[in-house]
Every structure is written in structure tokens, then in C-alpha cells.
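Inside the fold
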Amino acid sequence: MNQAPESGDTQKRLAAGDWHAAIAAARALLASDPADANGLLMLAEGLLGARQPERALSALERLPPREQGNARRLMLEGRARNNLGDLKAAETAFRRLLQVEPDNADAHSNLGHVLRGLLRSQDAEQHLRRAIEIEPEHCRALQTLAAVCLASGRTGEAVEALQTAARVQTDNPVLLGHLGAALHRNGDFPAAERAYRAALALDPGQAEVWLNLGITLQDTDRLAQAVPAYERAVSTAPGSIAARIRLIEALLARGDAQAALRAVESAQALDPA
């Protein structure tokens, strides 16, 4: 006799990020009860994790009318709309969610992210700071706030936000890369270099971080070290014209015209313009 699927198993798969297994488990639940609200919500979450936002929205639309104002449903809808690039609809979903749960830090953070995309930085910052007020170590809100601060020239505030996030997520190479960029813009080159190297120790495949490390090294008159960093950026992301241009400029500055010419010819093969 087959054992009936349990929602707890599906939830565990969602928590583990095993999206395709979660989708299959949620569909097994719905096979016995197609209108099960929890099953539909879990299916939508799995589809969203698997980068299928349109199908996630379809699953949410199957919820009964009494569940349309469900906070979890509104969160998933907002995320799906954002992933589809429909920022105005995402804003509407997150604002509806905040009417249900005014102190939902994730909702404030997500709304801030969307508002930043809509170029409404002041409103975005208000919601991001509210998310951090509710949850001081909300890493996504801290990172988005840092981006808002950088855009308005407040590099010190950006560094402070990213440093707080980095103390929480010590093993996040992308976050450390962003911290390095903010530190460089704030004029703290030694700290920027440390952040870049920490990021690359965790994930040496980050071409942009290699490029930024090269810039920091070159800006501190260490051209001999900058060139290999630029070369790693190019080898990691061969299509990056920005990395190739930096490499060419560094080779010329070093007086290696032949190597610079070879790099120019290689770049022109990718982008004749």
C-alpha cells in the first residue's frame, strides 16, 4: 500500500533548495487534492526557486478566493512579478502584503529592492531601513541599502551596511566582492584588497572581483601584481571587454607594447568596434 505524501517532506525539500524534488512532491500532494492551498503555495515556491516564475503565478492563481490575500501568497507573487520584470505589479503585491503584516522584514526588503529598480531611491531607502530596524542583520536589505547609498555618493554608509552583512554571511563571496568595491570607492585600498582576496579564496571564478582587485593594485602602484589579476579576469570571463581593456592599459603602462598589441588583437576579434 502506497504511503500518502506528506507536506512536511515537501517543505524540507524547499528549505534545502531541492527545487525539482519539491515540485514533484507538491504535485503528488495536489494529485489527491488539487485545491489544497498549502500544496499550491509549496508548488509555487518550488517553481519560483527553479526559475519558472510564470508557472509559479499560474499555481498561485489556482488558490481559492479566500486565500488570495494570504501573506505567503502575496510574497511569492511579488517575487515572481519581480523576476518577470513587472516591477509595478511586484510593488503592488508587496504593499498588499505589508497591509497584512506591517512588520514583515522580508516584505520591506523586497519592496525596497523593487522601488530601487523603479528609480524611487528615497522610498526604497525608507523600506530598506525599516527592514533593518525590524531585523538588524537582514543581509539582503543591507546589501540593497548599500547599493542605494553608493548611487548617491554615500560610500561610508554603504561600507558600514556591507560590513554588517559580511559579519553575518562570512562565507558569501559575492557579498565580499561588493564590500571590496565599496571600500575602494571609500578610499580604503588595503581593506578593499583584503575583501577581494577573501572573496576569491571562496570563489576564484569571479571575473569581476579579479578585475576590481587589479584596479586596486594598479591604483596603489603595484602594476606587476595588477597585470596577473587582469589576466585572471580575462581567462575567467573571455568575453569581458572591460577586463581586456584594463589589461591592455596595464601592459602599456608597464612598457610591454608587444604583449599589449597581442591583447588588442585578441580583443578586436571579439569586438571589432
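Shown above is the structure to which this text applies.
A brief look at the structure comes next. The model shown is predicted, which means the values in this text are computed figures rather than measured ones.

**Details of the overall build of the chain**
For the chain, the count of helices and strands is 16 helices and zero strands. When the backbone C-alpha atoms are referred to their principal axes, the chain occupies close to 75 × 45 × 35 Å. When burial is assessed residue by residue, the chain has 45% of its 273 residues classed as buried. Within the structure as shown, the chain displays about 14000 Å² of accessible surface, and the carbon and sulfur contribution to it stands at 49%. Across the chain, the mean location of the 30 positive side-chain charges is 2 Å away from that of the 34 negative side-chain charges.

**Comments concerning the side chain of glutamate 91**
Considering the arrangement of structural elements, one finds glutamate 91 in helix H6 (residues 87-100). Side-chain polar atoms of glutamate 91 contact the side chain of arginine 95, separated by 2.9 Å. If near-sequence neighbours (up to four positions away) are discounted, glutamate 91 is found in contact with Leu111, Val114, Leu115, Leu118 and Arg120.

**Observations regarding the state of the cysteines**
Enumeration over the complete set of coordinates arrives at zero disulfides. Looking at the unpaired cysteine 139, the closest cysteine sulfur is the one in cysteine 149, lying at 16 Å.

**Topic: the layout of surface pockets**
Its volume calculated, the largest pocket comes out at about 310 Å³. Secondary structure elements with two or more residues in the lining of the largest pocket: helix H5 (71-83) and helix H7 (105-117). A per-element tally of the lining of the largest pocket places H5 first, with five residues. Of the residues belonging to the lining of the largest pocket, the class tally is three nonpolar, six polar and three charged.

**Some thoughts on the nonpolar core**
Counting 50 residues, the largest nonpolar core has Leu183, Tyr230 and Leu251 as the members making the most contacts within it. It is helix H9 (residues 139-151) that contributes the most residues to this core, eight residues altogether. Setting aside residues up to four positions removed in sequence, leucine 251 forms contacts with Val227, Asp256, Ala259, Ala260 and Ala263. By size, the runner-up hydrophobic cluster in this structure holds 22 residues, among which are Leu30, Leu48, Leu60 and Leu76.

**Quick word on helix H3 (residues 37-49)**
Since the α-helix packs 3.6 residues into each turn, any two residues three or four apart lie on the same face. Its 13 residues give H3 an end-to-end C-alpha distance of 18 Å, which sits within 8% of 18 Å, the value for a rise of 1.5 Å per residue. Counted residue by residue, H3 has 11 buried out of 13 residues, so it is predominantly covered. Those residues of H3 lying buried are Ala37, Gly39, Leu40, Leu41, Met42, Leu43, Ala44, Glu45, Gly46, Leu47 and Leu48. Close packing links the buried residues of H3 with helix H1 (7-15), helix H2 (19-32), helix H4 (53-61) and H5. Backbone geometry just downstream of H3 places arginine 51 in the positive-phi region, at approximately 60°.

**Focus on the pattern of salt bridges**
Tallying each qualifying case throughout the model produces 16 salt bridges. Between glutamate 125 and arginine 154 there is a salt bridge, and its shortest N-O distance comes to 2.7 Å. Pair noted here: glutamate 125 is in helix H8 (residues 121-134) and arginine 154 is in the loop between H9 and helix H10 (155-168), with a separation of 29 residues, a long-range link. Owing to a relative accessible area of 14%, glutamate 125 belongs among the buried residues under this scheme. Judged by relative accessible area, which is 25%, arginine 154 ranks as partly exposed. Residue glutamate 157 pairs with arginine 154 through a salt bridge whose shortest N-O separation is 3.2 Å.

**Concerning H4**
Taken together, the buried positions of H4 are Pro53, Ala56, Leu57, Ala59 and Leu60. When H4 is viewed along its axis, its buried side chains cluster within an angular range of 160° and face the same direction. Residues of H4 that are exposed and point more than 90 degrees away from the buried face comprise Glu54, Arg55 and Glu61. Against H3 and H5 lie the buried residues of H4.

Cut-offs and rules
- Residues numbered from 1 in each chain as written.
- Predicted model: local features only at pLDDT ≥ 70, side-chain atom pairs only at ≥ 80, totals over all residues.
- Heavy atoms only, no water.
- Helix = DSSP H or I, 4+ residues; strand = E, 2+ residues; numbered from the N terminus.
- Buried < 20%, exposed > 50% of the residue type's maximum accessible area, 1.4 Å probe, protein only.
- Areas by Shrake-Rupley, 256 points an atom, 1.4 Å probe, with all protein chains shown as cover.
- Lys, Arg positive; Asp, Glu negative; His and termini not counted.
- Charge placed at Lys NZ, Arg CZ, Asp CG, Glu CD.
- Polar contact = N/O pair within 3.5 Å; in protein donor to acceptor, adjacent residues only side chain to side chain.
- Contact = heavy atoms within 4.5 Å.
- Disulfide = S-S within 2.5 Å.
- 1 Å grid on protein atoms, 1.4 Å probe; cavity = no way out; pocket = protein on both sides within 12 Å on 5 of 7 lines; lining within 4 Å.
- Points joined across faces, edges and corners; volume = space filled by probe spheres on them.
- Nonpolar A, V, L, I, M, F, W, Y, C, P; charged D, E, K, R; others polar.
- Core = buried A, V, L, I, M, F, W, Y, C linked by side-chain atoms within 4.5 Å.
- Expected span 1.5 Å × (residues − 1).
- Salt bridge = Lys/Arg side-chain N within 4 Å of Asp/Glu carboxyl O.
- Arc of directions from axis to C-beta.

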